[in-house]
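Here is how the chains run, residue by residue.
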Amino acid sequence: MNYRLLGRTGLSVSEIGYGMWGMSGWKDSDDSESIKSLQRSVELGCTFYDTAWAYGDGHSEQLLGNLVRQYPDKRLINATKIPPKNRSWPSKRKHTLDDCYPPSYVRQYIRMSLENLKVDQIDLMQLHTWEDSWLQDDRWIQELLRSKENGEIGFIGISLNRWEPWNGVHAVRSGLVDCVQVIYNIFDQNPVDELFPACEEHNVGIIARVPFDEGTLTGMLTLGSTWPDGDWRNLYFVEENLKSSLERVELLRDLVPETSTLPEMALRFILSNPAVSTTIPGMRKLQHVDANIAASSKGGLDPSLLKSLYTHRWDREPTSWSY
C-alpha cells in the first residue's frame, strides 16, 4: 500500500481507502462478511475509513468503531458525516442552512457519532451535503470549530453533490474546510476543471468517491442486473442510465491492459492524479479488498493509456434519479 498526505491535515492516509456505505443500509449487507473484509483491509495496509451516520442510522459507524478498537496498535483514521436534517440527498439550491445543518443539530450529531464510534475524537467530520451559498451564514463553521477546539473532531470536510463539483470551489477557497469528498472516476472527470486546482492551491485534501461509477466500471453489470426490493440501486439504475452507462463501459474494454482488469484500471486512473489524497471503493467481500488494495502497488497508468481514457469523460447533469 502507498500512502499520501490528506491535504493540510498532515494525516498520512492509504491511497486506497475504504468506503463503508455498502456495509449497512443495503439490502444485501451482512455484518459477518463486512467485519472479515474490514479486518483484511487493515492487514493489507488500509488506514482510511469513510462512513456516515446515514449508513444504517449509525450502524456503519459502530462497525468502524469496533474495528478501531480491535487494532489499538494501528493508526486507523475515521471519517464520518452528519446527515442533512431534511434528509435530502442531494441538497438543492433552495435549501437553507436551517433546513440542513442548524447549529444545535450539528452538535447533536457530532455527539451521536462519537457515541457510535466510541472514540475520543472523530478524525474528519464532514457535512454529507453542501451548498456554497451556505458560506454566507457562518453558524455551521462556528459550530464545527467549537467541536474542533474542544477536541471532539480533528478536521472539517464537506461532501459534494453528484455531478456538481463546481458547488464547492468557493468553500475550498474560503479556507474553512480541510477536505472535500467528490465523485471522480474515468467518466466523471469534471473535478479537474476547477475543484482540484483550488484544492491544490489551498492544500485541501481530496477524497475521490464512487471510483467504479456505482458499479458500472467493475464490468459486472448487465441490462438484466437486478437488486433486492428497497435497494437504492433500483432507483439509480433506471433504464436510461443503465443502458447508456453499459454502452460506454463496452468502449473501455479494449483499453484494459492484458495483465489488468477493468476495475483495476479504474482505480489506477484515479491514483494517476497526484491531487487525489485517497479513493474509497466500497468493499464488502474479501476478494474485493484483495483486488482493490493490490491496485496501489501497480502505481499510475501509462501516460498513453491515460490520454486515451481522458477522451471517455462524460459530463452529466443532475436529474431526478441521480441523488
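K.L.:
Now, about the state of the cysteines: what can you tell me, with residues and values included?
P.N.:
Scanning the model with the defined rule gives zero disulfides in all. Free of any disulfide, C46 has its nearest cysteine sulfur in C179, 15 Å distant. C179 takes part in no disulfide bond, and the closest cysteine sulfur, belonging to C199, lies 9.0 Å away. The class of C179 is buried, set by a relative accessible area of 0%.

K.L.:
Report on the packing of aromatic side chains, specifying residues and quantitative values.
P.N.:
The full count for this structure, using the stated rule, is 18 aromatic pairs. When the centroid spacing of 5.6 Å and the interplanar angle of 85° are considered together, the rings of W130 and W134 count as edge-to-face. Comparing W130 with W134, the two get one shared label, buried. Geometrically, the ring pair formed by W227 and F237 is stacked, given 5.3 Å between the ring centres and 15° between the ring planes. Of the two residues, W227 is situated in the loop between β9 (205-209) and α8 (233-236) and F237 in the loop between α8 and α9 (239-252); the sequence distance between them amounts to 10 residues. Residues W227 and F237 agree in their burial class; the two are buried. Among the aromatic residues, those joined into a ring-pair cluster are W21, Y55, W163, W227, W232, Y236, F237, W321 and Y323. Above the ring of W163, the side-chain terminus of R162 is found at 5.8 Å from the ring centroid. Seen from the ring of W314, R316 lies directly overhead, with NZ or CZ sitting 3.9 Å from the centre.

K.L.:
Could you give an account of the pattern of salt bridges, with specific residues and numbers?
P.N.:
Pairing between side chains of opposite charge can happen when the charged atoms of each approach one another. Considering all chains together, one arrives at 25 salt bridges under this definition. Among the salt bridges present, the one from R4 reaches E15, with a minimum N-O distance of 2.9 Å. Of the two residues, R4 is situated in strand β1 (residues 3-5) and E15 in the loop between β2 (12-14) and β3 (18-19); the sequence distance between them amounts to 11 residues. Summarising the burial analysis for this pair, R4 and E15 share the class buried. Here D231 makes a salt bridge to R233, at a shortest N to O gap of 2.7 Å. Considered together, D231 and R233 belong to a single accessibility category, that of buried residues. Sharing partners across several salt bridges, the network here consists of R8, K148 and D178.

K.L.:
Quick one: what's the story with helix α7 (residues 195-202), residue by residue and with numbers?
P.N.:
Turning to α7, its buried residues number three or more, namely L195, F196, A198 and C199. For α7, the buried positions fall inside an angular range of 160° around the axis, keeping them on one side. The outward face of α7, more than 90 degrees from its buried face, is lined by the exposed residues E200 and E201. In the core, the buried residues of α7 are packed alongside α6 (169-174), β8 (179-183) and β9.

About the criteria used
- Residues numbered from 1 in each chain as written.
- Predicted model: local features only at pLDDT ≥ 70, side-chain atom pairs only at ≥ 80, totals over all residues.
- Heavy atoms only, no water.
- Disulfide = S-S within 2.5 Å.
- Buried < 20%, exposed > 50% of the residue type's maximum accessible area, 1.4 Å probe, protein only.
- Phe/Tyr/Trp six-rings, centres within 6.5 Å; stacked < 30°, edge-to-face > 60°.
- Helix = DSSP H or I, 4+ residues; strand = E, 2+ residues; numbered from the N terminus.
- Lys NZ or Arg CZ within 6 Å of the ring centre and 35° of its normal.
- Salt bridge = Lys/Arg side-chain N within 4 Å of Asp/Glu carboxyl O.
- Arc of directions from axis to C-beta.
- Contact = heavy atoms within 4.5 Å.

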